[in-house]
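Observations on the three-dimensional arrangement
Here is what each chain is made of, one letter per residue.
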Amino acid sequence: MKLPHLSFAHLIERQASTLSASLVLPEPNSDNFCMRLSRFPNEGTETILDIHTVGTRVFVTVTRFLNSLRERITTFTDENCQDSHLLAVDISISEISETDPIIREILSNQIFDLKSDLNQEIKDNHFFLFFTDSQNCVSAAISNPFQKLNEQWVRLINRSYGTELKAPRRDMQKLHFSL
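Quick look at the structure, then. (Residues numbered from 1 in each chain as written. Predicted model: local features only at pLDDT ≥ 70, side-chain atom pairs only at ≥ 80, totals over all residues. Heavy atoms only, no water.)

Here's the deal with the overall build of the protein
- Scanning the protein for helices and strands turns up six helices and six strands.
- Moving toward the C terminus, one meets the helices and strands of the protein in the order α-β-β-β-α-α-β-α-β-β-α-α.
- Counting only residues that meet the buried cut, the protein has 45% of its 179 residues in that class.
- Once local pairs closer than 6 in sequence are excluded, the contacts in the protein between residues at least 24 apart make up 64%.
- Approximately 9,800 Å² of the protein is accessible, and the part contributed by carbon and sulfur atoms is 51%. (Helix = DSSP H or I, 4+ residues; strand = E, 2+ residues; numbered from the N terminus. Buried < 20%, exposed > 50% of the residue type's maximum accessible area, 1.4 Å probe, protein only. Contact = heavy atoms within 4.5 Å. Areas by Shrake-Rupley, 256 points an atom, 1.4 Å probe, with all protein chains shown as cover.)

This is the structure:
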């Protein structure tokens, strides 16, 4: 699965995207939006947060990797490639309020100004964002935004943790056994 032309950050993002919930893209010029924020911390739960609108309703879908995707990629062998069905993933969806703090953040025009600053180191914390308002889109990535003091990324990431909690975990028993 390792492709020589991809950095580790891109490898983990590509792998996570294939295992996560489907992205719900809005119809062109519909005034709906879609955002995907992928968080790949060096330590902790790798998570993908999708937020999309359908009319006035706002939905959040959270994909939580219950086993370390980073560890799986860095210890890649033919044997664990065959066991990809054993990678535990929890996908939850919930409706959220249009006044949720992350909504204000992503609907500001500044979302289109997010700058990419991605490192190539395996040990770094990597974050990816895709956003479309059904007319324009932005795709950006950053490593270690807290160390780089990138306030816009830090605000977005911090708000994502609160919003993530609104989508209930599906199987708490599995979560406790896999930690």
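Structure's up, so let's keep going.
Description of the nonpolar core
- Counting 24 residues, the largest nonpolar core has Met35, Ile51, Ile106, Leu129, Trp153 and Leu156 as its most contacted members.
- The set of elements that each furnish at least two residues to this core consists of strand S1 (34-40), strand S2 (47-54), strand S3 (57-65), helix H4 (101-107), strand S5 (126-132), strand S6 (137-143) and helix H5 (151-164).
- In contact with Trp153, other than residues within four places in its own chain, are Leu37, Leu114, Lys115, Phe127, Phe128, Leu129, Ala140, Ala141, Ile142 and Pro145.
- Phe8, Ala9, Phe40 and Leu69 belong to the second-largest nonpolar core, a separate cluster that totals 13 residues. (Core = buried A, V, L, I, M, F, W, Y, C linked by side-chain atoms within 4.5 Å.)

Considerations on the pattern of salt bridges
- What the rule picks out here adds up to 11 salt bridges.
- Arg159 serves as the salt-bridge partner of Glu105, at 3.5 Å between the closest nitrogen and oxygen. Placement of Glu105 in helix H4 and of Arg159 in helix H5 is noted, with a sequence separation of 54 residues between them.
- Overall, Glu105 belongs to the buried group, its relative accessible area being 11%. (Salt bridge = Lys/Arg side-chain N within 4 Å of Asp/Glu carboxyl O.)

Focus: helix H1 (residues 8-19)
- In this model H1 runs 17 Å from its N-terminal to its C-terminal C-alpha over 12 residues, within 8% of the 16 Å that 1.5 Å per residue would give.
- Within H1, burial applies to Phe8, Ala9, Leu11, Ile12, Gln15 and Ala16. Viewed along the axis of H1, the buried residues span an arc of 165 degrees, placing them on a single side of the element.
- Considering only its buried residues, H1 is in contact with S1, S2, S3, helix H2 (69-74) and S5. (Expected span 1.5 Å × (residues − 1). Arc of directions from axis to C-beta.)

What about the sheet that holds strand S4 (residues 89-96)?
- Pairing within the open sheet is antiparallel, and its six strands lie in the order S4-S3-S2-S1-S5-S6. With partners counted over all chains shown, the strands left at the sheet margins are S4 and S6, one partner each. Looking at each pair of strands side by side, their axes are set apart by 10 degrees on average, direction ignored.
- In terms of strand pairing, S1 meets S2 through six bridges, oriented antiparallel. When the sheet's bridge partners are listed, Arg39 is paired in S2 with Thr47.
- Against the sheet, H1 makes contact with S1, S2, S3, S4 and S5, and its axis sits at roughly 55 degrees relative to S5, the strand it touches most.
- Set on the sheet, H5 makes contact with S1, S2, S3, S4, S5 and S6; between it and S1 the angle comes to about 95 degrees. (Pairing = 2+ DSSP bridges. Axes fitted to C-alpha atoms, helices over the stretch in contact; angles between N-to-C directions.)

Looking at unusual backbone geometry
- The phi dihedral of Asn29 falls on the positive side, at around 60 degrees, and the residue is not glycine.
- Looking at the element boundaries, Asn29 is found in the loop between H1 and S1.
- With a phi close to 50 degrees, Asn144 is a non-glycine residue in the positive phi region.
- Assignment of secondary structure puts Asn144 in the loop between S6 and H5.

So, the side chain of Glu164
- Mapped onto the elements, Glu164 comes out in helix H5.
- Beyond its immediate chain neighbours, meaning those up to four positions away, Glu164 contacts Arg39, Thr47, Leu49, Val62, Arg64 and Arg169.

Such coordinate-based values are descriptive only and should not be taken to indicate function.
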